[in-house]
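# Coordinate inspection notes
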2 protein chains.
Amino acid sequence: MTPTEALASWVADSDYDAIPTDVRREAKRALLNYLGCALGGSIEPALDTAVRVLAPYSGPKTAQLLGRAEVFDPLHAALLNGIGSHVHEYDDTLPKNYIHPSPPVASALFAYAAANPVDGRRFVEAFVLGFETESRVGNAVYPAHYDAGWHITSTAGVFGAAAAVGRLLGLTSRQMVWAFGLAATQAAGIREMFGSMAKSFQPGRAAQNGYTSALLAQADFTAGERALEGPRGFAAVTAQRYDLDKITDGLGEEFDLRVNAYKPYACGLVVHPTIDGCSRIRERHRPAPESIEAVRLRVAPLVLDLCNHKTLNRALQSKYSIYHAAAIGLARGKGGLREFTDEAVRDPVLARLRSLTTATPDPAVTEDQVHIEVQLSSGEVLELFVEESLGNLRRPLSDEQLEEKFRDQAVLALPADVVERVIDQCRRIDELDDVGELVRATAPSTGGAAAGAA
Amino acid sequence: MTPTEALASWVADSDYDAIPTDVRREAKRALLNYLGCALGGSIEPALDTAVRVLAPYSGPKTAQLLGRAEVFDPLHAALLNGIGSHVHEYDDTLPKNYIHPSPPVASALFAYAAANPVDGRRFVEAFVLGFETESRVGNAVYPAHYDAGWHITSTAGVFGAAAAVGRLLGLTSRQMVWAFGLAATQAAGIREMFGSMAKSFQPGRAAQNGYTSALLAQADFTAGERALEGPRGFAAVTAQRYDLDKITDGLGEEFDLRVNAYKPYACGLVVHPTIDGCSRIRERHRPAPESIEAVRLRVAPLVLDLCNHKTLNRALQSKYSIYHAAAIGLARGKGGLREFTDEAVRDPVLARLRSLTTATPDPAVTEDQVHIEVQLSSGEVLELFVEESLGNLRRPLSDEQLEEKFRDQAVLALPADVVERVIDQCRRIDELDDVGELVRATAPSTGGAAAGAA
């Protein structure tokens, strides 16, 4: 069997019980994290604009959007869920291939489940298969593909979405090969779009295109059968070097969900150790912000290359300010979406803390570390060395921390009591009779009632 | 100005009267050729399948499909028009960059015009601007981009569709830059799909994605502003070598519509000289097929590498048979869609002519040439040397030949009297008050009435 056929057969013929328990558990954590991001992004201008532009083109309105009142056809819902879930770049990351894996796959799946009855077991299974497909396609072409300028989240993501929806549609392995062909010929998205609305459009379009690929393949719309390995296939065309063995090695035994990482803070990764360390100092010593006289950081040199913004004019800059990172850690003990808003930038407590913070580059400090000294008016100096930052694969977020991250975002879209009911449904998503209930529970106007009826 | 900005400004600010008369005339010929192909492809299984699969996802039905009874939303109509117009690969070709230029651009435009009032002048102008955008983007990356395995018709086509629809939407030049960014990040389609239904899907998807790009940009959905020239932009990511000067050199003065070629025959290019020459022998000498005792061809060696099928089992093989080419030229004097069907393959007259045809490779004969000897039972030998084949840029199809090609395809979808009315509307498309009339005239069930009312 070719790599394309082997992957297609595995997705088409896999068995729920063959998915290891720890992988299913991690799938549920990834889905909770995904859904929180989709709710946190549900009120962003990029999504508002896309909803407004595309509404006149929606088919019959069967698919509730995540965290919004609008209902679209499921193909559009896949696109729009994808924009919302990636817009804050607070979604999950696979450090091994830089893919943000959940948005393309889960955006398609929640759109499908919003319009079609799917029980929780089948949903989780489809997510695991789609996630693994996407990551393995990415592994085969990483790093050359990413280095060339491809946004690997969307180019690999379209395969994951095709696999996930194709699995729910019950594609044969031959049809799955065609779905992968149709995905390959729609694989797109370039890094030149980073920093614009087009960036979050990309995982959304991957979700929508993968979904469409599965629908067409189900009707025997044919495609080239060597999507991945052909001489003009995905790998050869988009990567100078690639290793197709990574598609099939350990397939069904090794799962990249086990090496998936969740961002604890809604900002640039290199300032994460500082927020983490300052939050821990706050938790242990509870220094009053006004008692702090100086904050001295020793950081990896790259941190100052990327995040040396001390005077902040726009909310976006705060995501790349090592000074703001120290300030929010010490004053608020967290780095959620609300710590990087215009309100946060203007907060006088945070502004004072930023101004008295200094950062020194130290080549001995890694990008995952920081040395912190906080000098208080009492003369006391609080010291902390962060050896590995929270969110790192060796220091994953606990279930409670993931739920707290979810809450922090979801309250932007939903009343607090609905948020708790949605968290509860997520915890037992594999036991739900119909995942559509969960989707409809995230709709602001009807969420309370729908969740109550569920 | 960057190449992206220069192209965007030209498209946004161009003036109809600045388009040279010969270019406008060629645009009308390209549109007639396109529309004939769309009608000829309107009953193909790939299109039937896509229509059936996507119908449940269509938005409000405002856009009549070309040559079919169904009405879809215009974004889906762009996709479906694109599939139908490319499915027979009988569409136009730019020899300089291998793009089939009209399907991505015209499929989007006819979908737009089906749902929105557009007069003929604006329509032709948008077509010229979209066509030129597409071809210039292709020129910049050809041949490295094509050699790498990209289906340049769809990857460059999405820019053309964005430009054409963006022009009709009245985008500012800044919005046009965003439309190009959104196009760049959806540019996709690989040659591995050739020979499957996915191939004709690609120009359709390019039309739909370009159209969507223009709609989003109109609402200020932002994108990276260096779509073409950025370090992670379209050219750098998809071509090892490229020349961005080709985007802007002679912009507004040189038009690639002037070097657009129309296939006279619905089959592989290398057998065209043989059909052409045999058709001319038939026209001049009118030999009765049963009087033919032998046909001897001397052809370019490549012809026998590609088209040495003498015994035909499937209709598709007949498109790549030098023997069938001689037979249809001598017996029917043409090579339209109906010369490459199962019926044609089974026709005993054609079968006999194929069996008595021989072909000898001759390195002195180019792929655009053929030497033909037809030996009759009377002992007479009819000889002809084709020096340049019909459809070649130096021997373009006449307006009458283009209309005959149109008729030959259109009668598969429409009654003969409607076909003539549609041809008449195409001839004066730049004078129409509403191009939607023309689109609706191509609908089989209502075509007669709509055309009559027009």
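Conventions we followed
- Residues numbered from 1 in each chain as written.
- Chains lettered and ligands numbered in written order.
- Predicted model: local features only at pLDDT ≥ 70, side-chain atom pairs only at ≥ 80, totals over all residues.
- Least-squares fit on C-alpha atoms with pLDDT ≥ 70 in both.
- Contact = placed C-beta atoms within 7 Å.
- Pairing = 2+ DSSP bridges.
- Helix = DSSP H or I, 4+ residues; strand = E, 2+ residues; numbered from the N terminus.
- Axes fitted to C-alpha atoms, helices over the stretch in contact; angles between N-to-C directions.
- Parallel < 35°, antiparallel > 145°, perpendicular 65-115°, else oblique.
- Left-handed = near helix turned anticlockwise from the far one by under 90°.
- Nonpolar A, V, L, I, M, F, W, Y, C, P; charged D, E, K, R; others polar.
- Buried ≥ 20, exposed ≤ 12 C-beta atoms within 10 Å, placed from the backbone.
- Expected span 1.5 Å × (residues − 1).

Attention now moves to the relation of the copies chain B and chain A. The transformation that overlays chain B on chain A combines an axial shift of 0.0 Å with a rotation of 180°, and the residual RMSD is 0.1 Å. Both chain copies can therefore be described as sitting about a two-fold axis. Of every C-alpha in chain B, the one belonging to Gly59 of chain B sits nearest the axis of rotation, 1.8 Å from it. A high fraction, 100%, of the interface residues of chain B reappear at the interface in chain A, so the copies pair face to face through one surface.

Let us now look at the pairing of strand 5 (residues 370-376) of chain B. Residues and elements named next belong to chain B. Taken together, the 6 bridges between strand 3 (residues 292-299) and strand 5 define a ladder with antiparallel strand orientation. Paired with Arg296 across the bridge in strand 5 is Glu373. Here strand 5 runs beside strand 6 (residues 381-386); their pairing, made up of 6 bridges, is antiparallel. By the bridge assignment, Ile372 is partnered in strand 6 with Leu384. Between strand 5 and strand 6, which follow one another and run antiparallel, lie 4 residues, and Gly379 among them has a positive phi close to 95°.

Turning our attention to the sheet that holds strand 5 of chain B. Residue and element names in this part refer to chain B. Reading across the sheet, the 4 strands line up as 4-3-5-6 and stay open at both edges, with mixed pairing between neighbours. Pairing within the sheet leaves two strands with one partner each, and these edge strands are strand 4 (357-361) and strand 6. Along the sheet, successive strands turn relative to each other by an average axial angle of 15°, direction set aside. In the packing of helix 16 (residues 322-332) onto the sheet, the strands contacted are strand 3, strand 4 and strand 5, and the crossing angle to strand 3 comes to about 125°.

This paragraph deals with the packing of helix 1 (residues 3-13) of chain B against helix 9 (residues 173-184) of chain B. Residues and elements named next belong to chain B. Between helix 1 and helix 9, the least distance of the axes is 8 Å, while the angle of their chain directions is 120°. One finds that helix 1 runs oblique with respect to helix 9. As helix 1 packs across helix 9, the resulting crossing turns out to be right-handed. Contact residues: helix 1 offers Thr4, Glu5, Ala8, Ser9, Val11, Ala12 and Asp13, while helix 9 offers Ser173, Met176, Val177 and Phe180. Among the residues making up the contact of helix 1 with helix 9, the classes are represented as 6 nonpolar, 3 polar and 2 charged.

Each partner contributes residues to the interface: chain B has 47 residues there, and chain A has 48 residues. Looking at the side of chain B that touches chain A, the elements that each hand over two or more residues are helix 3 (45-54), helix 9, helix 10 (197-218) and helix 11 (234-238) of chain B. It is helix 10 of chain B that contributes the most residues to the side of chain B that touches chain A, 6 residues altogether.

This paragraph deals with the environment of Leu31 of chain A. All names here are of chain A. Inspection of the secondary structure puts Leu31 in helix 2 (residues 21-40). A count of 24 C-beta atoms within 10 Å places Leu31 in the buried class. Taking C-alpha positions, Leu31 is 17 Å from Leu168, a pair spaced 137 residues apart along the chain.

All names here are of chain A. The strand order 4-3-5-6 describes an open sheet built from 4 strands, whose pairing is mixed. Every other strand in the sheet has two partners, leaving strand 4 (357-361) and strand 6 (381-386) as the edge strands with one partner each. Pairwise comparison of adjacent strand axes, ignoring direction, gives a mean angle of 15° for this sheet. In the packing of helix 13 (residues 272-285) onto the sheet, contacts are made with strand 3 (292-299), strand 5 (370-376) and strand 6, and the angle to strand 6 comes to roughly 135°.

So, on to helix 13 of chain A. All names here are of chain A. Compared with an ideal rise of 1.5 Å per residue, which puts 14 residues at 20 Å, helix 13 spans 20 Å between its outermost C-alpha atoms and is within 8% of the ideal. Most of helix 13 sits inside the fold, with 10 of its 14 residues counted as buried. Elements that come into contact with the buried residues of helix 13 comprise strand 3, helix 16 (322-332), strand 5 and strand 6. The positive-phi residue at the C-terminal boundary of helix 13 is Arg286, with phi of around 45°.

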